[in-house]
Amino acid sequence: GAGVSQTPSNKVTEKGKYVELRCDPISGHTALYWYRQSLGQGPEFLIYFQGTGAADDSGLPNDRFFAVRPEGSVSTLKIQRTERGDSAVYLCASSFRQGENNEQFFGPGTRLTVL
Amino acid sequence: DQQVKQNSPSLSVQEGRISILNCDYTNSMFDYFLWYKKYPAEGPTFLISISSIKDKNEDGRFTVFLNKSAKHLSLHIVPSQPGDSAVYFCAARGSADGLTFGKGTHLIIQP
């Protein structure tokens, strides 16, 4: 398929561990976004990449969260010293960075459970 | 401090009737609004959008209305079909590129 893909689909970890979540955007999309959706809430913006650089990381909750996109395509969201409150669905989206239409195409998400 | 509010957690509509989903926002810097539809275990799917310079945008059965003075937008689906049953999220874009989402409204279409 040509959509946004995310791996793994589910991740269960223990408190204090380190996790990495991967996002493969739609080919040719220069913009990539990470969101987090907690139960009963809408997606919450975390970070936005334009190409390889993080253009806006104002949504990252603290310094335990970090994301990279070294070649301007695949991105990895990294969470250190996980806490139970990090449990959520982590969504990735990508878009063309052209014109005013900022339609973002979402992946299926990674459900992270911190025990 | 919720900048995008969807005050109805759920809405039940009979098949064939009109579904109206509402959304209010507080940030006057928002200039672009989108509606996303989400099925369980899937990511949100883009449905329709509207720029702040317009007051209406229509795409098939879906119409979005924007009232800037009231900071209110609505999504109309007519006629409603069983496949429309899903969670609908209202989202807005301001000076930043990340979208601000509401909490969603669970639409249930009853046969």
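Cut-offs and rules
Residues numbered from 1 in each chain as written. Chains lettered and ligands numbered in written order. Predicted model: local features only at pLDDT ≥ 70, side-chain atom pairs only at ≥ 80, totals over all residues. Heavy atoms only, no water. Helix = DSSP H or I, 4+ residues; strand = E, 2+ residues; numbered from the N terminus. Rg over C-alpha atoms; globule rule 2.2 N^0.38 Å. Areas by Shrake-Rupley, 256 points an atom, 1.4 Å probe, with all protein chains shown as cover. Lys, Arg positive; Asp, Glu negative; His and termini not counted. Charge placed at Lys NZ, Arg CZ, Asp CG, Glu CD. Phe/Tyr/Trp six-rings, centres within 6.5 Å; stacked < 30°, edge-to-face > 60°. Buried < 20%, exposed > 50% of the residue type's maximum accessible area, 1.4 Å probe, protein only. Salt bridge = Lys/Arg side-chain N within 4 Å of Asp/Glu carboxyl O. Contact = heavy atoms within 4.5 Å. Nonpolar A, V, L, I, M, F, W, Y, C, P; charged D, E, K, R; others polar. Core = buried A, V, L, I, M, F, W, Y, C linked by side-chain atoms within 4.5 Å. Disulfide = S-S within 2.5 Å. Pairing = 2+ DSSP bridges.

On to the overall build of chain B. Scanning chain B for helices and strands turns up zero helices and eleven strands. For chain B, whose C-alpha radius of gyration is 13 Å, the value lies close to the compact-globule estimate of 13 Å for 111 residues. Principal-axis analysis of the C-alpha atoms places the extent of chain B at approximately 40 × 30 × 20 Å. As displayed, chain B offers around 5300 Å² of accessible surface, 48% of which is attributable to carbon and sulfur atoms. Here chain B contributes 11 positively and 10 negatively charged side chains, and the mean placements of these two sets differ by 3 Å.

Turning to the packing of aromatic side chains, a few remarks are in order. One pass over the full model with this rule turns up 13 aromatic pairs over all chains. Ring geometry for Y33 of chain A versus Y48 of chain A: centroids 4.9 Å apart, planes at 15°, classification stacked. Of this pair, Y33 of chain A sits in strand β4 (residues 31–37) while Y48 of chain A sits in strand β5 (residues 44–50), and the two are 15 residues apart along the sequence. Here Y33 of chain A matches Y48 of chain A in class, with each residue buried. Every member of this aromatic cluster is reached through a ring pair, and the members are Y33, Y35, F45, Y48 and F106 of chain A together with Y36, F46, F89 and F101 of chain B.

Here we come to the pattern of salt bridges. Residues and elements named next belong to chain A. On inspection of all chains with the given rule, the structure shows five salt bridges over all chains. Note that R64 and D86 form a salt bridge whose closest N and O atoms lie 2.8 Å from each other. Taken as a pair, R64 in the loop between β6 (53–56) and β7 (65–68) and D86 in the loop between β8 (75–79) and β9 (88–95) lie far apart in primary sequence, 22 residues in all. In this structure R64 comes out as buried when scored by relative accessible area, which is 6%. Salt bridges here are not isolated pairs; linked through shared partners, they connect R64, E83 and D86.

Turning next to the interface of chain A and chain B. Contacts between chain A and chain B engage 20 residues on the former and 19 residues on the latter. Applying the counting rule to chain A against chain B returns zero salt bridges. Counting only elements with at least two residues in the side of chain A that touches chain B, the list comes to β4 and β5 of chain A. Sorting elements by how many residues they give to the side of chain A that touches chain B places β4 of chain A first, with three residues. Considering only residue class, the side of chain A that touches chain B consists of eight nonpolar, eight polar and four charged.

A few words now on the nonpolar core. Judged by nonpolar contacts, the single largest core of 23 residues is most densely connected at F33, W35, L73, L75 and Y88 of chain B. Ranked by residue count, the leading element in this core is strand β9 (residues 86–93) of chain B, at four residues. Other than its neighbours up to four places away in sequence, Y88 of chain B contacts Q6, L21, W35, Y36, K37, L47, L75, I77, G104, T105 and L107 of chain B. Counting 20 residues, the second largest nonpolar core, distinct from the first, contains L21, I26, L60 and A67 of chain A.

A few words on the state of the cysteines. Residues and elements named next belong to chain A. Counted by the stated rule, this structure contains two disulfides over all chains. Two residues, C23 and C92, share a disulfide whose sulfurs are 1.8 Å apart. Torsion about the S-S bond of the C23 and C92 cystine: about -65°, corresponding to left-handed handedness. Placement of C23 in strand β3 (residues 19–24) and of C92 in strand β9 is noted, with a sequence separation of 69 residues between them. For the pair shown, C23 and C92 are each scored as buried.

Next up on the list: the sheet that holds strand β8 (residues 72–77) of chain B. All names here are of chain B. Spatial ordering of the open sheet is given by β1-β3-β8-β7-β6, a layout of five strands whose pairing is antiparallel. One side of each edge strand has no neighbouring strand; the edge strands of this open sheet are β1 (4–5) and β6 (56–59). Two strands pair when backbone bridges link them, and strand β3 (residues 19–25) and β8 are joined in this way by six bridges, in the antiparallel orientation. The residue of β8 that forms the bridge with I20 is H76.

By themselves, these observations are geometric and do not establish any function.
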